[in-house]
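Now for the letters of each chain:
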Amino acid sequence: MPVGGIILITGSAGRIGQAVVAELKARQYRLRGFDRVATPGLADFVVGDIADAKVVRESAVGVEMIIHLAATPDDADFMTELLPNNIIGLYNIMEAARLGGARRMILASSGQVNWWQRMAEQWPVRVEDPPTPKYWYAAAKVFAESIGRGYAETHGLSVIAVRLGFCPRSPEHFLEVVNSEWAQDVYLSPGDAGRFFACAVEATDVRFAILFAASKHKHAIHLDLEPTRRVVGFEPQDTWPEGIEETMLAGLSH
Ligand SMILES: NC(=O)c1ccc[n+]([C@@H]2O[C@H](COP(=O)([O-])OP(=O)(O)OC[C@H]3O[C@@H](n4cnc5c(N)ncnc54)[C@H](O)[C@@H]3O)[C@@H](O)[C@H]2O)c1
């Protein structure tokens, strides 16, 4: 079914959010941003906190799909960061989807869900492998995947949870990838991130799926992308360091 309605993107001002906005805008979708800061590149955006149920619900009334990215994107204090942003925010957006009548929810999960398998060097990681979350941040992502399944079964919401590869947000992240073959193999370029979410929007007949999204591996296969190809038709185009911005490189010299 073609997507004609509004796609709400939470975390739309962030690293992945801006890549998604750029790709979906280029494909002429109707987009609404949601972030605690203004969203560059969009006329329709809400400035609000994902932990504020009222504003989240209002922003989602009548939208067709939701891409949920807003979160603290790594480990941080549980009570003051992860609980409001990653747990309560998740509850709010899932309920907003249900009450507002959305057809699909695309949830940002993380490769950190499979952390201890990675540390044991059991490659490649497959989506059906038991989760081994690194710590609280990754455990919150497992929680998100779980309740995604619950909403798919209970409410008929189409849910795609995606364990995203490493899309560097800072010069320090960039350096981490430069110095690690593993990080290069799980690298996710901004362009591939945008294209993955476009595929997830356009995929038909998905009730519930957990998928990996990454660019092409450089050295060895660490993530099994076959289900991603099969379920949403995503084919990565970039290999590290393709797609990384020159501004990221420039940041290293400061
Ligand atoms: N970049 C990566 O490598 C990576 C890897 C795996 C998963 N992820 C996930 O992808 C999503 C986006 O990550 P990112 O790298 O773009 O991070 P980011 O920090 O660049 O973007 C997150 C955005 O969410 C917004 N946000 C945070 N808390 C909010 C709140 N309470 N209310 C409203 N907005 C809020 C921030 O303002 C920011 O714009 C996150 O869910 C993250 O866990 C990212």
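**Some thoughts on unusual backbone geometry**
Step number 1: At the junction of Trp 123 and Pro 124, the peptide bond is cis and its omega measures out at -20 degrees in the coordinates.
Step number 2: If you trace the backbone, Pro 124 turns up in the loop between α4 (115-119) and α5 (136-155).
Step number 3: In this chain, Trp 240 is followed by Pro 241 through a cis amide linkage whose omega measures 5 degrees.
Step number 4: Within the secondary structure, Pro 241 sits in the loop between α9 (226-232) and α10 (246-251).
Step number 5: One non-glycine residue, Gln 28, lies in positive phi territory at about 70 degrees.
Step number 6: As for its placement among the helices and strands, Gln 28 is situated in the loop between α1 (15-26) and β2 (30-35).
Step number 7: In this structure Gln 28 comes out as exposed when scored by relative accessible area, which is 69%.

**Remarks on empty space enclosed by the protein**
Step number 1: Applying the stated criterion across every chain yields a total of one cavity of 30 Å³ or more.
Step number 2: For the largest cavity, the calculated volume is near 100 Å³.
Step number 3: Lining the largest cavity are His 68, Leu 69, Ala 70, Ala 71, Asn 86, Leu 90, Leu 107, Ala 108, Ala 140, Lys 141 and Ala 144.
Step number 4: For the lining of the largest cavity, the secondary structure elements donating two or more residues are α3 (78-100), β5 (104-110) and α5.
Step number 5: Sort the elements by how many residues they give to the lining of the largest cavity and α5 lands first, with three residues.
Step number 6: By residue class, the composition of the lining of the largest cavity is eight nonpolar, two polar and one charged.

**Side note on the sheet that holds strand β1 (residues 6-10)**
Two orientations exist for strands paired in a sheet by backbone hydrogen bonds: parallel and antiparallel.
Step number 1: A sheet is described by the order of its strands in space; here seven strands give the open sequence β3-β2-β1-β4-β5-β6-β7, paired in parallel fashion. A strand with exactly one partner marks an edge of an open sheet, and here the two such strands are β3 (45-47) and β7 (208-213). Neighbour-to-neighbour, the strand axes of this sheet turn through a mean angle of 15 degrees, independent of strand direction.
Step number 2: Bridge count for strand β4 (residues 65-68) against β5 is four bridges, and the pairing is parallel. Across the sheet, residue Ile 67 finds its bridge partner in β5, namely Ile 106.
Step number 3: Strands β1, β4, β5, β6 (158-164) and β7 of the sheet are contacted by helix α8 (residues 190-202), whose axis makes an angle of about 145 degrees with β5.

Calculation criteria
Residues numbered from 1 in each chain as written. Predicted model: local features only at pLDDT ≥ 70, side-chain atom pairs only at ≥ 80, totals over all residues. Heavy atoms only, no water. Helix = DSSP H or I, 4+ residues; strand = E, 2+ residues; numbered from the N terminus. Buried < 20%, exposed > 50% of the residue type's maximum accessible area, 1.4 Å probe, protein only. 1 Å grid on protein atoms, 1.4 Å probe; cavity = no way out; pocket = protein on both sides within 12 Å on 5 of 7 lines; lining within 4 Å. Points joined across faces, edges and corners; volume = space filled by probe spheres on them. Nonpolar A, V, L, I, M, F, W, Y, C, P; charged D, E, K, R; others polar. Pairing = 2+ DSSP bridges. Axes fitted to C-alpha atoms, helices over the stretch in contact; angles between N-to-C directions. Contact = heavy atoms within 4.5 Å.

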